[in-house]
Structures are given as structure tokens and as C-alpha cells.
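# Descriptive analysis of the structure
Listed below are the residues making up each chain.
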Amino acid sequence: MSTRDTRPGSTGGADVPGPLYGGPDDDYTPEQLAAMSREDLDRLGAHYDGVEILHVDPGPAPGSVMEKRAVRQVGLVFALAGVFAFLFVVVYVGSGWFLPDWHWQITESGWSALFTPLLGLCMGLAMALVGIGLVLFTKKLLPHETAVQDKHDGSHFDRVTAGATLVGGYHNSGLARRKLITRSLGFMAGGLGLMLIMPLGGLIKNPNKGDPLGTTEWAKGVRLVRNDGTPIRPGDQQPGSLETVFPAVPGGNRQADAATMLIRLRPEQLAENKPRQGQADFAYGEYVAFSKICTHAGCPVSLYEQETSRILCPCHQSQFDVTQGAKPVFGPAARPLPQLPLDVDDEGYFVAASDYIEAVGPTYWNRERI
Amino acid sequence: MAARTTHAPGAPTTRLGQAGYELDDRIIVAPWLRRTLNKVYPDHWSFLLGEIALYSFIILLLSGTYLTFFFDASMREVVYDGSYAPLRGVEVSAAYDSALRLSFDVRGGLFMRQLHHWAALLFVAAIVVHLLRIFFTGAFRRPRETNWILGVTMLVLALLMGVTGYSLPDDLLSGTGLRIISAILLSVPVIGTWAHFAVFNGDYVGEQIIGRFYIVHVLLIPAILLALIGLHLLILVKQKHTQFPGAGRTEHNVVGNRLFPTFAAKATGLVFVVFGVCALLGGLVQINPVWLWGPYNPAQVSAFSQPDWYIGFLDGSTRIFPPWDINLPGDYTIPALFWPTVVVAGLMFTVLALYPIIERKLTGDTASHHLLQRPRDVPVRTSVGAMALAFYLWLMIAGGNDVIADKFDISLNAMTWVGRIGIVILPPIVYVLTYRICLGLQQHDREILEHGIETGVIRRLPSGEFIEVHQPLGPVDSHGHGTLAYGGAPVPKRMNHIGAARRAIRGFFKPVEEPAQVDLEQLNEIREFPAGEESRELSPSGRPADSGRPQEPRD
Amino acid sequence: MSTTNPQSEAPDEGGSPAGDPARRARVRRRSKHRRRLANVAGLMTALVLTGALYSVFAPAQAADDTTESAAEAAGRELYQRSCITCHGSNLEGVPNRGPSLIGVGEASVYFQVHTGRMPLVRQEADAHTKPTIFSDEEIDQLMAYVQANGGGPTLPSGDLRDGDLAEGGELFRLNCASCHNFVGEGGALSSGKSAPSLENASDLEIYTAMLTGPENMPVFGDNQLTPDEKRSIINYVQTVKEQADPGGAGIGRIGPVSEGLVIWVVGIGALLFGIFWMGSKA
């Protein structure tokens, strides 16, 4: 479309229609189209889009009993949806005002326990009823139409011409024979790509430096303390008990790999105790301490069965035998739990004799090398 | 009915019409609009499964945005001081604290949290059901391999969204999962420790991981997902939806409803129904009550710890895999954990993504297909799929083996062994069973085509023999056998499938028609063929175009 | 001694003097009675004499010569009826059947008997709770007996929920949740055993369980978990048990397993129903 007057500075005027669009506009004049019924225009347009209306099952006759029923039904459903939506608003706004307070109270039932369910019920029903109403409308009041649309294969003309344009452009650029440009382009691309992802290098940290995976906060002379920080004497625990202990360093009870299980063996367990080779002196009398971090996937092992001497990990059911140096006897774990060497200091409190002698927690590629 | 004209023939008379014309003046949208409105979509119920996934994604976007207004993705230690008394005074991370505040101190906050989490579970479930439909009907075949790969990619991304999402509140349940993720990263040979240190910024647990999960969860993956969903839908619209074989349906057309108004109305209805289901669950059924789990502490764990259902298969594979560490020379180890997690998941999704190409190579079928296949007609694919599904479900059950052991009083150790043995022997058994069932169903179809439908009418021949009268489906040859070929569409198996029964009387609670009237109507229809009754046209299959079934009753 | 058979009376000597048969019979009867009386009297005398001699010369009871209370005595009787087969006549235990009860204390007895675990029905992986066989009074008696004869931990007194709620939660999650689950739903242990749900556990049952470490449960002595800390834990467990679920139906409070079931059965189920209705069938 263009204006009548195109000189710069002119104020233009009303639009003058430009050349016709082409295609169907050539076949049908506006007068012809104006003479056609709406339904015919619809079908004509569909025809041009490759769609044929095969069959129309008309909606219920206007004024008929069925139509009235359907309209009432759909109207009711929508109205009900609105009712629930407003109910949602009432419950949401009114709680704490003219309805009881919604804040949680330690009660067995009461409004604080009903608030969220009521919100869900109201919103859920409101939304669902809207959807149901819409579907009922299509099923009962809209005409049922069956249409067919043609699928077209790709156009050979388009392929050939598009290909010619692409290849022609490439050919005109002369890049095929200008090797210096293509090669320098390749070099540039490599460098640019590398440069753009290089900042991600800030994420890389060396896991072997200082062996953080293989060491913990435990060291010679570090006291064993409970979660609240109090140190532990032999005798504090009964035979057949397990206590979770942490190193007495700042933040010791937040260290992810330092949690240790201090176990006091019963006489029967002590009698059949077979520690791992070279670790017989890690125990202190009937006290043994093992890392709480499972060597399979790192969950805290925790479930101590004092009669069967097994420690069960709840994540994947690995079982470690406390009387065999916490060797895995069932389940997917392959390595025994590391044992913490125990000692007692001058004041009679438990201390570690050294750090664990192997890496705590799940196995990794070079665990045995560091 | 002719449209009234004012100035020019066809010029609009209403305000809306004029507005439309103004718009088209500026941006020529009319061709695109008409084309889009006229697009035909087949409306089989199983084609709506992908929409459930799409709409739950939209719900996730909306509810998730709300949650970001209240969530603090920081691992800084704070002392909880809110409404929930059993945690008052406990040191927790700021992330956990903000999750508790949202649940107990924000009006409707708990409802929104639960809505979001239920919608997430539904999202993945819908993707899986949709994937199963695509697989078993062969919709992934050429030209739709790209869409299949996009879909599998989106499934993996959805799983990642779920994991990063439920780990954000930093509670004891998801924290246990975080520890296992750390162990899985560590278990990768050669680069495992480097990967772990890159992701966690050092040794477990560090101070960054929740913040990093947050940005992955609210920005990176949703952006990728939106782009992929857009691409997936674009390709679908461009290639047009597949359809089941049936009357009038060919490889070169699509039969169904036009987008406007029927299909759009139904799709919009489904949006609201999905939203409704999510909202109902979000309010009525409690999910992820983080206040009961407590804050994450690496020295604590609970019995019955499981990840969300869609990661359950990995939990199961980890539980049943034997303790097979591989010790290499030079003191290197490939940990046992590597195989049931990284390798199983990697293999599963790789095979899934490449399946169209694998099938194409094995069957040699390189043609384009727009008609779907009934699962029984491709017994090998259906059996392979059933086998894979059995494998997946068995792993998922193994992931809950401690719950099963406790609730059903079975030994936990026995459950582990059941898992280990079952995973090896069950899939082949399922394959064989499914294959036989498919063949049986195929045979039944052919039998009906050949011998007709059993009518249940017994007749005695003069010779004294009793026979059952069969209703042939089409022309019969000299031996009395049907000559119709199987067309890939369901074969009518009962007399009322071919219109032998009176159509349903209209009226849901009470009838609105007289049965006698309907009988009369049908009698007249059979006797004459009124002009213009296209529905009575016979298609090449010899059956009426709408397969002779009674019209969908209006109720 | 005379014969006991009245019929086998030796006939009178030779030719009897004149005495008619009736009189002779009377004489015979009278002497028969007298003989019987003499027999009985002799028997009684002998018995009394024996008893008296025995009580004079018999050794004193080996066990205790201190007097037991009525409760302990009654407890002993109950014990000998119901427990002795597996736990031995002197609480020493029987190999492969029952452990020694020396040192387990009344707390242990209370826990085991009040939850119905004891008397054990059969040897199996776990002792399950069942309806209690003994009344409260009988349990008290058993407690008294075992405590008196073996010693061990005693029952606590006072309000068993008198502790810090939040601290109780922390302690519970550190020490108890790994077996009994976050909120005490229970948990599976190896080879058929299980840590029971705490849903029906009373305050005292929880306290005595912690104190005595029944079966495979570890022992949490008072130096490991102080009485105050135990009370905090009990306060937490019982409070959480009774509190409502603010988010709707709790569905077991065990997390993703039941949530996954619900989404598939209810969520996908409802939506499948919906799309069956919305769409067409083939």
C-alpha cells in the first residue's frame, strides 16, 4: 500500500490500495466474495489451505429441549467454577479476619490444618470446572465437524532454487578457492571458541592439592565430643551402645566427613572381635570407633544392630560387621569403614590417636594413591 | 446468509471487524491466521498426553516464579525463629529457613509450594506416558526422529530440573540425595574428583552448591527447555500430527478437527483440567513436608529415604548392584557405584535417544510414515518396549525395597536378592509373554476378517449340526471367507461395533427421546439413502465412512 | 500286719466251741474294725513322725532366708509360669533360647512385657509387639521380682515430656531417625528385622526402650543421653505424632514412595479419565 503523495515533507493522505495480492485475490473479486455466505467463505478459505470439510454434525436445534439442557448444564458448570473461585478468595482473604487464623498451631485439627486443603479444593474445583465446562460446550453445543487436510511433500522447485542461491552465494564469495581466508577462519574459530569458554576455568579446582578428600579434621590428640560439644569418658556409654562423635575443633560437628561412630562392644562381641590387619590397637578396650560415612555413597551409616553386630546403611542397605573391623558383609559397599585409632588423654577423655589412615567416604579413582 | 455490505463489498461492519482490518493493514496476519485456524488436528485421546506435559510445565513456570519471590538460595547458617515450634532455635541454612517461612508464615505459601511440587511430579509422569505412546505407536519413525531426540533430551532435562528443585530447600531427605550425587560424581574414573570439585567448588558439601543448583533450576534449564519445547511444537505443527489408520486416512492427509473452534476449546479445557488436578493435589495431599524431615546435616539420615519417583530407578539400581570395585594396576580403582548410576543411566538414555536410528537399521524401513501402528502389529518393537519398561519398573520397585520389606514383613536382605535376580530373569520373560500376546491379537484380527463377527446366534443345520452364525465384514469369496485385507485399523469385534444395535438414547440422567422414535428413525435410514448424507458413503474398505459406529452421543 | 483282706480271715481253731455263726461273725467284724483302726493310727503316727524328723533334720533353703515382699513373690510365681523356659530358673538364661536377665532391671521388664513382646511366641528375627498377656499389676510384680534378683535400670518418674522440643528433634534425628525414620514411622533392618513404628508407643515405653536397648536397639545409658535429653526426645516424638498435617492428607509421612504412588494412581489416573472423555477412541 502506498500513499498518494510521496514527496518528502508532504502530509500524505488516505491510503490508495496497491496492486492486488495475487493468488486467490485474482480468482475472486470482492463483489463475488460479498455475495457468498459466511459458511461458503469458510469452506473456500479452508479449500485454499488444503482442508476439506467432510461432514458436519450440526449442534442441537436452537430452542430444542436438548439445546436448553446443554446450555443450562454448561452455564451451571461455569457458574459453579466461579463460585469456587470466589470461595477461594473468601478463604484466602478471610482467614485471620472473619475466619479463624490460618497460622500453624500444634493441634490435631483446626483451621490451620484446613486452610491449605480448602485452598486446594476451591482452586482445584474452580479450574477443573472451567475445563469441564469448555469441553462440555464443544461436545454438546458446537457442531461436530470432520475435516481432512492434505499433506504436501517438499517442493522440488523450492529445493533446487534455494540450493542454487546458497551455493551461488558461496561460490561468489570465492571462499572455496581462497584457502588463506578459510584456514585463518578455522584458526580464528578455534581460538574464539576456546576463549569464550575459558572463564569456566574458574570452576576448576585441583582435588589432589593437599589431599582434601583423603584427610579429615581428626588428628593426634583431638578430643572426641558429642554433638553439643561435651567430651566423652570411657564408661559414659553402656555396652551395646553407639554414639555419634565429632572432632573437638571449631565447626567440627558440621564437617561432612568427620562424623564418627563410637561403639562400646558387649563382652560377647569382644570375645569374637577380629579387627583388620594392623588395626588391632586402634580400639581402646571394648571401645571401637568407625567412620560414620558409608564407603558406598556417603550416607551416614547409623543403624547399629547390637545383637548381630551389624551396622546397616539405610540408603542402599550395605551392612558392615563391627566385630570384623566394619567389613562389608552384605549390600553394594565394597570397602570397610575406616577405623579411627582411639586413645585417652591425661584427663581421662577420649582422643584420636591420629587421623584416619585411609580416605573416608565413597571410593574414587585415585583413592589408594594419595 | 449474505454478509451485509456498507461501503465496499466485504468491508467490515462491526468495530471488531474494523480493528481486524486495521491490524492486517499493518501486519499482514490474515493468511497466517486463516491457515492456523484451519489446521486439522486428529483428536484421538492418546494425542493429548503430550499436552498434559506442556500444561504442567506452564503451571511449573507460574508457581515457580512465585516461589522465587520468597526463597533464599544461600547456605549461610541462621537460627530458625518462625512459627513452627519444633524447629525454633535450631541452626539451619538460610535456604531451609526460607522454605519454612514460606510454608508457615506466608499466606497460601504452603499451597503454592505443594502445587509446584505436585506439578513437577505430574510433568515427568506425563512425559513418560507420552513417550510410551510415541514409542508403542511408532510415531518416532521418519520424518520425526528429530522430535524424538528433542523429547528424550527434554526428559533428561526434566529429571535434572526435578533433582535440582527438590534439593533447594536443603532438608535432610534431599540432602541425603545430594551426598549420593557427590559420591556419583566421585565415582567417575579419571576425572571424577575433578568433576566433583568443579561442581561443588571443593570437597563435599562446600558453600556453593545450593546457589548453583538454584541458578540451574530457575534460569539455565528452563531457558533450554522453553527453547526445546518451542522447537518440538514447531516441528510437530510443520510436519502435522500423525494419525491412526482408519477410514479416509492416508499417508498424505490428516483427518480430525480444525483448530478453531473445536480443537482450541478442547485444548483450553485441558489446560484448566490439568491445573485443577494440580491444585486439588496441591491442597489436599501433603507433599515434601520439609519441617518433618529437619534441616540437612551430613551426620544424620532417616530410614525410608528415597528420591522423588522419577529418580527411583537409579536408587534401585544402586541398591541391587553387587560390590564390584575394579582394582586396576597402579592402585587405581573404578568404584562399584559407577556402573549402576552413570553407566546404567547413560546407556538407557542413549539407547532411548538413538532408538529410531537403531530400528531403522534393523528393519531397513527408510520410508516416511505418518500413519501410526497398532502395538500388536509390530510385536518385536512392542516386546522390546515391554521388556525395557519391565526393567525400568523393576529398578523402581527395588528403589523402595526397604519400604516394601517393612510394610509387608519381608526380609530386607531377601528383597535385595529378589531385586538382583529379578532384574536378570524378568525382562526376557516379559519379552516372550508380550510377543505371544501380540501374535495372538494379530491372529484374532485376521480371524475376524476372514470369518466374520461371532453373532452368538446358534442355528441348527438340517444335518443336525449346530453352527454359530457369523456376520461377515465385507464381500466373501466362494469358500465363504472374507476378502478384506487388514488395514492397520481396529477390526470390529462385536455386533454393536458395526451398528447392529440401536444407537444410544440421548439423555444422561433421564432419556430425552422415545426409544420407539429412534427405532423408526434408524429403520428409515436403512431403507433409503437420503441425498447429501455423506456419512452413508462407503469407503474403499467397504464400511461406512464413519465405520458404521453410532454417532458419538451428545451426552 | 494283719491281712487286709477281710475275707481271708483264718478260720477259728479246730473244732470250735459252742458259739452260733451270728455271734462268731459279730466277733469277727469287731476285730476287723479294730484292726483297721489300729492300721490307720499306726500309719498316721508313722507319717507324723517322719515329717517331724524331716523338718528337724532337713537342710535350710539354699536361696534366701531373707523375706521377700508380696510383689516379688507373686512375680516369682509369674516368672516360673511364663518365663522360666527360656530365661532359666535363676534368671541366668538358656543357651540358644533366651538371654540372661541379670542386670536388665525393671525398666527392661516393663518395656518387653508392656509392649507384649514377651512372652515370645517363637524364635524369629524380631520380637513383635502383641497384645499384653499380663495386667499392669502382674507387670509390676514381674518387675519387682527381676529387679530384686538381678538389679539394673529402674523406671523414671515425673513428667516424661518435660524437655526442650527443638533439642529433642535434633537428638532424635541424630540418634533415632536412621532406624525409626524422621517421624517415627519405623524402618527396615537386616534379614527380616525391623525398627518398629512409634505410633502406638507410650512415653514410658519410649523411655525404657532408650534406657535398656531391647533386642537389636543400642543402649542409650543415662550418661550418653541424660534423663533430660530423653525427655526432650519423648516430647518431640509425641508432639510430632499428634500434630496435624498442615498440607492436607499425610499419606504416611514417608515421602516420595507414597507421593509417587499418588501422582500415578490419582493424578495420571484422573487425567487419563479426562482425556478419554475429551478425545475420540480409534
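Thresholds, definitions, all that
- Residue positions are given per chain, counting from 1 as you read along its sequence in written order.
- Chains and ligands are labelled by the order in which they are written, letters from A for the one and numbers from 1 for the other.
- With the structure being a predicted model, the display of local features is reserved for residues of pLDDT at least 70 and the display and counting of side-chain atom pairs for 80 or more, all residues being used for whole-chain, interface and lining totals.
- Calculation of side-chain values draws on the structure's entire complement of heavy atoms; hydrogens and water are dropped beforehand.
- Secondary structure follows DSSP: runs of H or I at least 4 residues long count as helices, runs of E at least 2 residues long count as strands, and numbering of each begins at the N terminus.
- For the radius of gyration, the atoms used are the C-alpha atoms, and the globule rule reads 2.2 Å times the number of residues raised to 0.38.
- Buried residues are those whose accessible area, probed at 1.4 Å on protein chains only, stays under 20% of the maximum for their type, while exposed residues exceed 50% and partly exposed ones sit between those limits.
- Pairs of residues are marked as contacts when any of their non-hydrogen atoms sit within 4.5 Å.
- Computed with the Shrake-Rupley method and a 1.4 Å probe, the accessible areas treat only the protein chains shown as cover for residues.
- Neither His nor the chain termini are counted; the positive set is Lys and Arg, and the negative set is Asp and Glu.
- All charge positions are set by atom: Lys at NZ, Arg at CZ, Asp at CG, Glu at CD.
- Residues enter a nonpolar core if they are buried and are Ala, Val, Leu, Ile, Met, Phe, Trp, Tyr or Cys, with the set joined through side-chain atoms within 4.5 Å.
- By definition, a salt bridge exists where a carboxyl oxygen of Asp or Glu is found within 4 Å of a side-chain nitrogen of Lys or Arg.
- Cysteine sulfur atoms that pair up within 2.5 Å are treated as a disulfide.
- Each patch is built from residues that are more than 30% exposed by relative accessible area and take part in no salt bridge. Like charges join if they lie within 9 Å; nonpolar side chains (Val, Leu, Ile, Met, Phe, Trp, Tyr) join within 5 Å.
- When two components associate, each loses some accessible surface as probed by a 1.4 Å sphere; the sum of these losses over both components is called the buried area.
- Pairing of N or O atoms within 3.5 Å defines a polar contact, subject to two protein rules: one partner must be a possible hydrogen donor and the other a possible acceptor, and residues neighboring in sequence count only if both atoms are side-chain atoms.
- Here, a strand pair is defined by DSSP locating no fewer than two bridges between the strands.
- The nonpolar class holds Ala, Val, Leu, Ile, Met, Phe, Trp, Tyr, Cys and Pro. Asp, Glu, Lys and Arg form the charged class, and all remaining residues, Gly among them, are polar.
- To pair, rings of Phe, Tyr and Trp, with the six-membered ring standing in for Trp, must have centres within 6.5 Å; the planes then decide the type, stacked if under 30 degrees apart, edge-to-face if over 60, and tilted in the middle.
- By definition here, charges over rings are those cases where NZ of Lys or CZ of Arg is within 6 Å of the ring centre and within 35 degrees of the ring normal.

Moving on: the overall build of chain A. Each helix and strand counted, chain A has 8 helices and 14 strands in total. The C-alpha atoms of chain A give a radius of gyration of 40 Å, which is well past the 21 Å a tight globule of 370 residues would have. Projected onto its principal axes, the C-alpha coordinates of chain A cover approximately 110 × 80 × 50 Å. Buried positions account for 42% of the 370 residues belonging to chain A. In chain A, once contacts between residues fewer than 6 apart in sequence are set aside, the share between residues at least 24 apart is 58%. Taken as a whole, chain A presents about 19,200 Å² of accessible surface, with 61% of it coming from carbon and sulfur. Side chains of chain A give 32 positive and 39 negative charges; the mean places of these two sets differ by 5 Å.

Turning to the nonpolar core, a few remarks are in order. If you look at the biggest cluster of nonpolar residues, it comprises 93 residues, and the most contacted ones within it are Ile52, Val274 and Trp309 of chain B. Sort the elements by how many residues they give to this core and helix H5 (residues 109-137) of chain B lands first, with 19 residues. If you look at the next biggest cluster of nonpolar residues, it comprises 70 residues, including Leu292 of chain B together with Ile139, Ala201 and Val237 of chain C.

It is worth spelling out the side chain of aspartate 406 of chain B at this point. By the secondary structure assignment, aspartate 406 of chain B is in helix H15 (residues 401-407). Buried and without a salt bridge, aspartate 406 of chain B has lysine 407 of chain B as its closest oppositely charged side chain, separated by 4.0 Å. Aspartate 406 of chain B has contacts with Phe304 of chain B together with Gly187, Ala188 and Ser194 of chain C, leaving out every residue within four places of it along the chain.

The next point concerns the state of the cysteines. Summed over all chains, the structure comprises 1 disulfide over all chains. Disulfide partner of cysteine 299 of chain A: cysteine 315 of chain A, at an S-S distance of 2.1 Å. Here the S-S torsion is close to -95 degrees, and the disulfide linking cysteine 299 of chain A with cysteine 315 of chain A is therefore left-handed. In this pair, cysteine 299 of chain A is assigned in the loop between strand S8 (287-291) and strand S9 (303-305) and cysteine 315 of chain A in the loop between strand S10 (310-312) and strand S11 (319-321), connecting sequence segments 16 residues apart. The same class applies to cysteine 299 of chain A as to cysteine 315 of chain A, namely buried. In this model cysteine 83 of chain C remains outside any disulfide bridge; the closest cysteine sulfur is found in cysteine 86 of chain C, 9.0 Å from its own. Judged by its relative accessible area of 17%, cysteine 83 of chain C falls in the buried class.

Where like charges cluster on the molecular surface, the negative patch consists of Asp228 of chain A together with Asp159, Asp162, Asp164, Glu167 and Asp228 of chain C. Mapped onto the elements of the fold, aspartate 162 of chain C is located in the loop between helix H5 (136-150) and helix H6 (165-175).

Looking now at the interface of chain A and chain B. Listed by partner, the interface residues are 102 residues for chain A and 116 residues for chain B. Taken over both partners, the interface formed by chain A and chain B buries close to 9,100 Å², and the fraction arising from carbon and sulfur atoms is 61%. Of all residues in chain A, Lys151, Arg254 and Trp365 of chain A bury the most surface against chain B, accounting for 10% of the area lost on that side. Counting across the interface, chain A meets chain B through 5 salt bridges. Here arginine 258 of chain B ties to glutamate 145 of chain A by a salt bridge, and the two come within 2.9 Å at their closest N and O atoms. Here chain A is connected to chain B by 21 residue pairs in polar contact (both at pLDDT 80 or more). Of the strand pairs in this sheet, strand S4 (residues 144-150) of chain A and strand S4 (residues 253-258) of chain B are connected by 4 bridges, and their pairing is antiparallel. Within the sheet, the bridge partner assigned to aspartate 150 of chain A lies in S4 of chain B and is asparagine 253 of chain B.

Attention now goes to the interface of chain B and chain C. Taken together, the contact between chain B and chain C spans 65 residues of the former and 53 residues of the latter. With both chains or domains summed, chain B and chain C bury close to 5,000 Å², and 69% of this area falls on carbon and sulfur atoms. Across the contact surface, chain B and chain C share 0 salt bridges. Remark: the boundary between chain B and chain C carries 18 residue pairs in polar contact (both at pLDDT 80 or more). If you list the elements that add at least two residues to the side of chain B that touches chain C, you get helix H3 (49-68), H5, helix H7 (172-187), helix H10 (259-284), helix H11 (290-293), H15 and helix H16 (412-451) of chain B. Per-class residue counts for the side of chain B that touches chain C are 43 nonpolar, 13 polar and 9 charged.

The next thing to look at is the environment of glutamate 52 of chain A. Along the chain, glutamate 52 of chain A falls in strand S3 (residues 51-57). Ignoring sequence-local partners within four residues, the contact set of glutamate 52 of chain A consists of His47, Thr146, Ala147 and Val148 of chain A.

A grouping of Arg23, Arg24, Arg26, Arg29, Arg30 and Arg34 of chain C is seen on the molecular surface, where their side chains present a positively charged patch. If you trace the backbone, arginine 24 of chain C turns up in helix H1 (residues 21-57).

In this section: the sheet that holds S8 of chain A. Residue and element names in this part refer to chain A. Strand order across the open sheet formed by 4 strands is S5-S6-S7-S8, with antiparallel pairing between neighbours. Either end of the sheet is taken by a strand with one partner, and the two such strands are strand S5 (224-225) and S8. In this sheet, strand S6 (residues 241-247) lies alongside S5 in antiparallel orientation, the contact comprising 2 bridges. Looking across to S6, one finds that valine 225 is bridged to phenylalanine 246.

This part is about a nonpolar patch on the surface. A cluster of nonpolar side chains, Ile181, Leu185, Met188, Leu192, Leu194, Met195, Leu196, Ile197, Met198, Leu200 and Leu203 of chain A, forms an exposed patch at the surface whose accessible area comes to about 1,100 Å². In this fold, leucine 203 of chain A is placed in the loop between helix H7 (179-197) and S5.

Residue and element names in this part refer to chain A. In the structure shown here, the tally under the stated rule is 33 salt bridges over all chains. A salt bridge links arginine 223 to aspartate 345, with the nearest nitrogen and oxygen atoms 2.9 Å apart. Of this pair, arginine 223 sits in the loop between H7 and S5 while aspartate 345 sits in the loop between strand S13 (342-344) and strand S14 (350-352), and the two are 122 residues apart along the sequence. Accessibility expressed as a relative area gives 22% for arginine 223, which makes it partly exposed. In this structure, the salt-bridge partner of arginine 226 is aspartate 236, at a minimum N-O distance of 3.1 Å. One end of the pair, arginine 226, is in the loop between S5 and S6; the other, aspartate 236, is in the loop between S5 and S6, and 10 residues separate them in sequence. Judged by its relative accessible area of 15%, aspartate 236 is buried. Members of the salt-bridge network, linked through shared partners, are Arg276, Arg335, Glu358, Arg367 and Glu368.

Take the packing of aromatic side chains next. This structure, assessed with the given rule, holds 35 aromatic pairs over all chains. With a centroid separation of 5.9 Å and an interplanar angle of 40 degrees, the aromatic rings of phenylalanine 172 of chain C and tyrosine 236 of chain C are classed as tilted. Here the residue phenylalanine 172 of chain C occupies a position in helix H6, and tyrosine 236 of chain C occupies one in helix H9 (residues 227-242), the gap between them amounting to 64 residues. The pair formed by phenylalanine 172 of chain C and tyrosine 236 of chain C is uniform in burial state, with each residue classed as buried. Three or more aromatic residues link up through ring pairs in this structure, and these residues are Phe135, Phe136, Phe140, Trp148 and Tyr355 of chain B. When the ring centre of tyrosine 486 of chain B is taken as reference, the NZ or CZ atom of arginine 446 of chain B above it lies at 4.2 Å.

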